[in-house]
Amino acid sequence: LDFVNSPVPFLIGMTVKDETHSLEIENDERVVDARETGLTCINLSTNTVRLTNETEIVEIIQGCPTPKNQLAMFEKRLDFLRTQSSPLRSFARFVKQGFSRSEIET
């Protein structure tokens, strides 16, 4: 988990055994520290978002009139793409085919 303090933007996914292991990761000292400097955790298993505590980012999010609506829109779009025969459902297929036209629109 040392990578969470990386100074460059990134998106990472992790798989865990169960919810207990997921909470251990979210409460890990390195993750907690990184949330102070920009890290936001999205748990797809529990449908929770732990936003960063970085003041500038929090102010931007609070200044946005509808961040929850935007996140809900993205969630609906991902649900739609998940039901399609999307290359995103298979890493090997994605490497061979790339994004579909409907995925590029997202």
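Computed from a predicted model, the values in this text were never measured in an experiment.

Reading guide: rules and limits
Residues numbered from 1 in each chain as written. Predicted model: local features only at pLDDT ≥ 70, side-chain atom pairs only at ≥ 80, totals over all residues. Heavy atoms only, no water. Helix = DSSP H or I, 4+ residues; strand = E, 2+ residues; numbered from the N terminus. Buried < 20%, exposed > 50% of the residue type's maximum accessible area, 1.4 Å probe, protein only. Areas by Shrake-Rupley, 256 points an atom, 1.4 Å probe, with all protein chains shown as cover. Salt bridge = Lys/Arg side-chain N within 4 Å of Asp/Glu carboxyl O. Arc of directions from axis to C-beta. Contact = heavy atoms within 4.5 Å. Polar contact = N/O pair within 3.5 Å; in protein donor to acceptor, adjacent residues only side chain to side chain. Patch = residues over 30% accessible without salt bridge, like charges linked within 9 Å, V, L, I, M, F, W, Y side chains within 5 Å. pLDDT = per-residue confidence, 0-100.

## Topic: the overall build of the chain
For step 1, the next point in the chain: Helix and strand content of the chain: six helices and two strands.
For step 2, the next point in the chain: Seen in sequence order, the chain has helices and strands lined up from the N terminus as α-α-β-β-α-α-α-α.
For step 3, the next point in the chain: For the chain, with 106 residues in total, the buried portion stands at 16%.
For step 4, the next point in the chain: Looking at the chain as shown, the accessible area adds up to about 8600 Å², and 56% of this sits on carbon and sulfur atoms.

## Regarding the pattern of salt bridges
For step 1, the next point in the chain: Here the structure, examined in full by the defined rule, presents two salt bridges.
For step 2, the next point in the chain: Close ionic contact of R50 with E26 constitutes a salt bridge, the shortest N to O distance being 2.9 Å. Placement of the pair is R50 in strand β2 (residues 48-50) and E26 in helix α1 (residues 19-26), with a sequence separation of 24 residues.
For step 3, the next point in the chain: On the basis of relative accessible area, E26 is assigned to the buried category, the value being 9%.
For step 4, the next point in the chain: With a closest N to O distance of 3.0 Å, D28 and R30 form a salt bridge.

## A look at α1
For step 1, the next point in the chain: Within the span of α1, buried status applies to S22, I25 and E26. Buried positions in α1, seen along its axis, are confined to an arc of 95 degrees and lie on one side of it.
For step 2, the next point in the chain: Its buried side turned inward, α1 meets α2 (29-35), β1 (41-43) and β2.
For step 3, the next point in the chain: Where α1 begins, the side chain of D18 points an oxygen toward the backbone nitrogen of T20, at a separation of 3.2 Å.

## Observations concerning a nonpolar patch on the surface
For step 1, the next point in the chain: A cluster of nonpolar residues, I42, L44, V49 and L51, forms a patch on the protein surface that exposes about 410 Å² of accessible area.
For step 2, the next point in the chain: Note on placement: L44 falls in the loop between β1 and β2.

## Details of the confidence of the model for the chain
For step 1, the next point in the chain: Of the residues in the chain, 72% reach a pLDDT of 70 or more, and the chain-wide mean stands at 76.
For step 2, the next point in the chain: Mean pLDDT per element in the chain: helix α6 (residues 101-105) is the minimum at 68, and α2 is the maximum at 89.

## Topic: the environment of N43
For step 1, the next point in the chain: Along the chain, the position of N43 falls in strand β1.
For step 2, the next point in the chain: Note on N43: relative accessible area 8%, which makes it buried.
For step 3, the next point in the chain: Leave out the neighbours within four places in its chain, and N43 touches S22, E26 and T48.
For step 4, the next point in the chain: A distance of 2.7 Å separates polar atoms of two side chains, one belonging to N43 and the other to S22.
For step 5, the next point in the chain: Here E26 takes part through its side chain, which lies 2.8 Å from a polar atom of the side chain of N43.

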